[in-house]
Amino acid sequence: MENILLKVAILMASFFVASALRSPFSPTATMLSSILRNLGFRELSQAAHSLTESPWSGDPYTIFAPTDASISVCGSCSVSRILQEHTIPGVFSVNYLRTLPFGTLLETMAPGRCVTVTSDLLNNTKLFIGGAEIDRPNLFNNGFVVVHGLSGFVSHLPAFSCIQGPAHAVPAFSIMRLMLSDASTRLRTSGYSVLALALKVKYADLASLHNATVFGVNDEAIFAGGQAYVRDVRFHIVPNRFLLDHDLEELPADTVLPTLEGNQTLTVTTAGGGGFLEPMRINNVRITSPNVVHNLKIVVHGLSKPFPHLNDPDPPAAESSSCEIQGSMDGYESCALPPMLEIKSTAEIDDRHGF
């Protein structure tokens, strides 16, 4: 039953990937300024560079935009800082914000500053960010940048805004959860829908990490015979290490990298240095697509095939190159996938983790 659910999920994901647009662009300062100005946020439009030139640029984000009148009341406020303190990484619809517990803290693009999400307790129809009401939701959404309009007084966030106090029974919202959601969304539109599904299933293992480096195999390679990757995803995740391509280039031969799979490790079998990770190999496998997806916490590199287990006294049986026909769907043959991820239902996973 689990294999059937997985195959259905993969087929559905592959269909949507094939029909979806590529990842939306990240706007330049000029473009973001134009978006905000056209929406009536002239003050914020003049500070657009504070977002596009920040370390967060290149990742999706949501802006809770106060009006020009609200900003003008705060005579001592820096508009650039107000914009950063009202922008959070990730794409947040109003419907999703309503699902967050009362008092949830969302980390903003201003380091060490968090906004609080609250609502009217009577009927949950009004939503507030830092005490200002979202009165004009979804003013703009291109899949990469979301803008919600705020009304009410705004000021700079205090230095202790991310610290859980007696009025906040809900712990600070994990930035890792946002980054997992972001990575999963972008992987689905980059040909890695199986890996995107795996990140959801392995959420409990990943959410507590500080960051992670993930080595992935794309959908085409998995369907062409790389099904072993699906059951061995944990072996392809390096916990609490954020290794971009240039970081991998600097690793000497015989460097050992930990994985989520307990005492099983990866080894740099051939060092890089030749540019574009050549001739680098990890467990004798080449990295074909460095930095497929990366954000503040997660970086994904594409592999030519799954990592083998080096020096494994009892290696798993080799995968057959032919497909064992389990049945058919609309006349198409399907290949058996090995036992792997515990799949309950994709809908249940989405609801539980908010992806």
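Residues numbered from 1 in each chain as written. Predicted model: local features only at pLDDT ≥ 70, side-chain atom pairs only at ≥ 80, totals over all residues. Heavy atoms only, no water.

## Here we look at the state of the cysteines
Rule in force here: When two cysteine sulfur atoms are found within 2.5 Å, that pair is recorded as a disulfide. Here the term buried applies to any residue with accessible area under 20% of the maximum for its type, exposed to any over 50%, and partly exposed to those in between, with areas from a 1.4 Å probe on protein chains only. Segments assigned H or I by DSSP are reported as helices when at least four residues long, segments assigned E as strands when at least two residues long, and all are numbered from the N terminus.
On inspection of all chains with the given rule, the structure shows 2 disulfides. Disulfide pairing is shown between C74 and C77; the S-S distance is 1.7 Å. Its torsion about the S-S bond being 65°, the disulfide of C74 and C77 is classed as right-handed. Using a relative accessible area of 12% as the deciding quantity, one classes C74 as buried. Owing to a relative accessible area of 15%, C77 belongs among the buried residues under this scheme. With a sulfur-sulfur separation of 1.9 Å, C114 is cross-linked through a disulfide to C162. Handedness here is read from the sign of the S-S torsion; for C114 and C162, about 100°, the answer is right-handed. Of this pair, C114 sits in strand β4 (residues 114-119) while C162 sits in the loop between β7 (145-151) and α8 (175-188); the two residues are 48 residues apart in sequence, bridging distant segments of the chain. Classification of C114 as buried rests on a relative accessible area of 5%.

## Some thoughts on the confidence of the model for the protein
This is how the line gets drawn: pLDDT is a per-residue confidence score from the predictor, ranging from 0 to 100. Contacts between residues were defined by any pair of non-hydrogen atoms, one from each residue, lying within 4.5 Å.
When pLDDT is averaged along the protein, the result is 77; 74% of the residues meet or exceed 70. This model gives residues 1-25 a pLDDT under 50, and the stretch forms 40 contacts once residues within four places in sequence are excluded. A low-confidence stretch, residues 315-354 (pLDDT under 50), is modelled with 62 contacts involving residues beyond four sequence positions or located in other chains.

## Let's talk about α8
The condition is simple: Here the expected length of a helix is defined as 1.5 Å per residue gap, with one fewer gap than residues.
Here α8 spans 20 Å end to end across 14 residues, near enough to the 20 Å set by a 1.5 Å rise per residue. Summarising burial for α8: 12 of the 14 residues are buried, a large majority.

## Quick word on the pairing of strand β14 (residues 298-303)
Put simply, the test is: For two strands to pair, DSSP has to find at least two bridges joining them.
Most of β14 sits inside the fold, with 6 of its 6 residues counted as buried. Here β14 shows two buried faces, one formed by I298, V300 and G302 and the other by V299, H301 and L303. Where strand β13 (residues 287-294) meets β14, 4 bridges bridge the pair, whose relative direction is antiparallel. By the bridge assignment, V293 is partnered in β14 with V300.

## Points about the packing of aromatic side chains
Each aromatic ring pair is described using two quantities: the centre-to-centre distance and the angle formed by the ring planes. Rule in force here: A pair of aromatic rings is counted whenever rings of Phe, Tyr or Trp (Trp by its six-membered ring) have centres within 6.5 Å, and the orientation is called stacked for planes under 30 degrees apart, edge-to-face for over 60 and tilted otherwise.
Using the criterion set out here, one finds 2 aromatic pairs in the structure. An angle of 45° between the planes, with centres 5.7 Å apart, marks the rings of F92 and Y96 as tilted. Exposure class is identical for F92 and Y96. Each is buried. Ring geometry for F215 against F307: centres 5.3 Å apart, planes inclined by 70°, an arrangement best described as edge-to-face. In this pair, F215 sits in strand β8 (residues 212-216) while F307 sits in the loop between β14 and β15 (325-329), placing the two residues 92 residues apart along the sequence. A residue is classified by how much of its surface remains accessible, and F215, at 0% relative accessible area, is buried. F307 gets classed as buried once you look at its relative accessible area, which sits at 3%.

## Considerations on the sheet that holds β13
Counted only if it meets this: Fitted lines through C-alpha atoms give the axes, limited to the stretch in contact for helices. The angle between two N-to-C directions lies from 0 to 180 degrees.
Taken in spatial order, the 4 strands of this open sheet run β9-β8-β14-β13, and their pairing is mixed. Sheet topology places β9 (237-239) and β13 at the edges, where each strand pairs with a single neighbour. Here the average twist between neighbouring strands, direction ignored, is 20°. Sheet topology places β8 next to β9; 3 bridges connect them, and they run antiparallel. By the bridge assignment, V214 is partnered in β9 with I237. Together, β8, β13 and β14 form the strand contacts of α8, whose direction differs from that of β14 by roughly 30°.

## Concerning the sheet that holds strand β6 (residues 132-141)
With mixed pairing, the 7 strands of this open sheet are ordered in space as β2-β1-β7-β6-β5-β4-β3. Two strands close off the open sheet at either side, each with one partner strand: β2 (87-89) and β3 (104-107). Pairwise comparison of adjacent strand axes, ignoring direction, gives a mean angle of 35° for this sheet. Both strand β1 (residues 61-66) and β2 contribute to a ladder of 3 bridges, which runs antiparallel. Along β2, the bridge assignment pairs Y61 with P89. Contacts from helix α2 (residues 29-38) reach β1, β6 and β7, with the element oriented near 40° to β1.

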